[in-house]
Amino acid sequence: MILKENKIQTKSYFIETYGCQMNVYDSELVASFLEKSGYQSTSDYNSADVIFLNTCSIRDNAENTVHRKLENLAYLKKQNPKMMIGVLGCMAQNLKNELMESKPYVDVILGPDSYRKIPEILESRNKTNNHFVDTKLSKFEIYEDLFPTRKSGVNAWVSIMRGCDKFCTFCIVPFTRGRERSRTIDSIVKEVEACIEQGFIEITLLGQNVNSFRTPDGEFPELLDAVSKVKGLKRLRYTSPHPRDIDDHLLNVMKKNKNICNHIHLPLQAGSDRILKRMNRTYSKKEFLDLVIKIKKYLPDCSITTDIIVGFPGETEEEFSDTLDVAEKVIFDNSFMFKYSPRPGTKAAGYTDQVDEEVKQNRLERYIALQKILTLKNNKLKIGKTFEVLVEKESKKSANQWAGRLDGNMWVVFDKTNEKIKDLVKVRILDTKGITLFGERV
Ligand code: SAH
Ligand code: SF4
Ligand code: F3S
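Predicted, not measured: the structure shown is a model, and the values here were computed from it. (Residues numbered from 1 in each chain as written. Chains lettered and ligands numbered in written order. Predicted model: local features only at pLDDT ≥ 70, side-chain atom pairs only at ≥ 80, totals over all residues. Heavy atoms only, no water.)

## What to know about the overall build of the chain
Helix and strand counts for the chain come out as 14 helices and 21 strands. For 442 residues, the compact-globule estimate of 2.2 N^0.38 gives 22 Å, and the C-alpha radius of gyration of the chain, at 23 Å, lies within 12% of that figure. Projected onto its principal axes, the C-alpha positions of the chain cover 65 × 60 × 45 Å. Counting over 442 residues, the chain shows a buried share of 54%. Intrachain contacts of the chain at a sequence separation of at least 6 include 72% that bridge at least 24 residues. Within the structure as shown, the chain displays about 20700 Å² of accessible surface, and the carbon and sulfur contribution to it stands at 52%. Of note, the chain has its 69 positive side-chain charges centred 2 Å away from the centre of its 61 negative side-chain charges. (Helix = DSSP H or I, 4+ residues; strand = E, 2+ residues; numbered from the N terminus. Rg over C-alpha atoms; globule rule 2.2 N^0.38 Å. Buried < 20%, exposed > 50% of the residue type's maximum accessible area, 1.4 Å probe, protein only. Contact = heavy atoms within 4.5 Å. Areas by Shrake-Rupley, 256 points an atom, 1.4 Å probe, with all protein chains shown as cover. Lys, Arg positive; Asp, Glu negative; His and termini not counted. Charge placed at Lys NZ, Arg CZ, Asp CG, Glu CD.)

## Things to note about the sheet that holds strand E18 (residues 401–406)
If you trace the five strands once around the closed barrel, you get E17-E18-E19-E21-E20, paired in mixed fashion. Sheet twist, expressed as the mean angle between neighbouring strand axes with direction ignored, is 50°. Bridging between strand E17 (residues 386–394) and E18 involves five bridges; their strand directions are antiparallel. Across the sheet, residue Leu390 finds its bridge partner in E18, namely Arg405. (Pairing = 2+ DSSP bridges. Axes fitted to C-alpha atoms, helices over the stretch in contact; angles between N-to-C directions.)

## Quick word on the nonpolar core
Counting 68 residues, the largest nonpolar core has Leu205, Phe220 and Leu224 as the members making the most contacts within it. Of the domains in this structure, domain 2 (150–261) and domain 3 (290–380) are the two that each give at least three residues to this core. Judged by nonpolar contacts, the second largest core, of 23 residues, contains Leu29, Tyr39, Met84 and Leu146. (Core = buried A, V, L, I, M, F, W, Y, C linked by side-chain atoms within 4.5 Å. Domains from an automatic or database assignment.)

## Structural notes on the site of ligand 3
Taken together, the neighbourhood of ligand 3 is formed by Cys20, Asn23, Thr55, Cys56, Ser57, Ile58, Cys90, Val173, Arg177 and Gln208. Taken together, domain 1 (12–134) and domain 2 (150–261) each give at least three residues to the shell around ligand 3, which thus spans both. (Near = heavy atom within 4 Å.)

## What about the packing of aromatic side chains?
Per the counting criterion, the structure on display carries nine aromatic pairs. Ring geometry for Phe167 against Phe175: centres 5.5 Å apart, planes inclined by 85°, an arrangement best described as edge-to-face. The exposure class of Phe167 is partly exposed, given its relative accessible area of 34%. With a centroid separation of 5.1 Å and 70° between ring planes, the pair formed by Phe220 and Tyr238 is classed as edge-to-face. Remark: Tyr238 occurs in strand E13 (residues 235–239) and Phe220 occurs in helix H9 (residues 220–228); sequence separation between them is 18 residues. Take Phe220 and Tyr238: they sit in the same class, and that class is buried. A network of ring pairs unites the aromatic residues Phe170, Phe312, Tyr340 and Tyr351 as a single cluster. (Phe/Tyr/Trp six-rings, centres within 6.5 Å; stacked < 30°, edge-to-face > 60°.)

## With respect to the layout of surface pockets
Considered as a void within the structure, the second largest pocket measures approximately 770 Å³ in volume. Within the residue set of the lining of the second largest pocket, elements represented by two or more residues are helix H10 (248–256), E17 and strand E20 (424–433). Of the residues forming the lining of the second largest pocket, the biggest block, three residues, is contributed by E17. By residue class, the composition of the lining of the second largest pocket is 13 nonpolar, seven polar and 12 charged. (1 Å grid on protein atoms, 1.4 Å probe; cavity = no way out; pocket = protein on both sides within 12 Å on 5 of 7 lines; lining within 4 Å. Points joined across faces, edges and corners; volume = space filled by probe spheres on them. Nonpolar A, V, L, I, M, F, W, Y, C, P; charged D, E, K, R; others polar.)

## Some words on unusual backbone geometry
Most peptide bonds take the trans form, and the phi angle of most residues other than glycine is negative. Going from Thr239 to Ser240, the amide bond is cis rather than trans, its omega being -15°. Residue placement: Ser240 occurs in the loop between E13 and H10. Located in the positive-phi region is Asn409, a residue other than glycine, with phi close to 85°. Inspection of the secondary structure assignment puts Asn409 in the loop between E18 and strand E19 (411–415). Using a relative accessible area of 28% as the deciding quantity, one classes Asn409 as partly exposed.

Put into structure tokens, the structure is as follows:
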């Protein structure tokens, strides 16, 4: 093979990924473009020919981490001026001008819809040292014909759609990722089949709003049903749905197909009707609570997790207590919890009644304390019961124990017997500490 003969000249790449699973998926796509161009992955970024940071703009601290990383890279670039440094993803989209001005050593800036340009950029880079910037958002780009380069493992993430049209007033995603576009059911099923062939046994379908998935051949429930039928697929998950769009059809498909996990990540954001309205979330506290009742009617053991923002502009103490109230009523299994971070350009960033940092911090700590109690409460109810567990990896604490997940997405640690990674086994829960369960094989 030509590659082998040229081995000494083979160039290397290093990609660092920030942000959500969409970015992880996109980094795998980017890796496949680099590999097609003859580049090989390296774990040592000091010696890489190409360093790409796939970035996130969702909150201030996500951007700050990348700025700090780029300052480190400036030093590397001085030592090795031939190294190519690229900023990809949501910050590239959002902060193109600022990056070009303040970080002139960044050679490449590519938004999420521009990754097809990579081979061309690498090619021209061999001839010139020009900068390359492309952050045009596309109404059509879904990278349909491409399957990403994945490392082996238990779970593979498969992107089913790109973009978001919901425009929650706090959120930068509709600006960084552009309009909603869905892939075809056929190509998603093919990608899932390829993943199973490669040895993955769990699939998580990904999108900013999976239930806005729309194609001439069907919507999200039809897709979920079709994917769940793929031979060899032991577990199917998806994230995230929008609470407004969860309907009977979707819940029926989940109930009917045993390999679709009993877990819904249902981002609440806030519990007060006035705040929800200001956030443009399009549901009320009561509608959210009614939805949870409906979910439990179809799927009595369904675990429910959520995303929470505290300290949204104008949020009063009483309105914050509505968030705590919903959490207590639903008994969320887990929450991702965030302090509101104003994103320039979004509607909420312009609201004049921003909440003080100390108040946000205090509310965050109180929500975290409540969530700890709720997680423990849910987990204690599991003691003495037996669950199906997917063996995923060795426990961090002991080589004699496995760590695996229940279909509700909680981790359980148990002593090894004769099972191996990727087996589905029955485990009886004996104890719980923090967010982890402990059990024994039955
Ligand atoms: N599409 C998903 C969420 C994607 S962003 C959904 O609608 O559920 C992931 C989470 O980040 C959001 O659910 C929200 O809780 C949080 N988030 C988004 N923008 C934020 C901001 N400006 N400040 C703090 N948290 C934010
Ligand atoms: Fe952001 Fe709202 Fe879209 Fe989620 S639904 S990505 S929170 S705009
Ligand atoms: Fe961040 Fe972009 Fe994802 S802003 S959370 S990487 S869609």
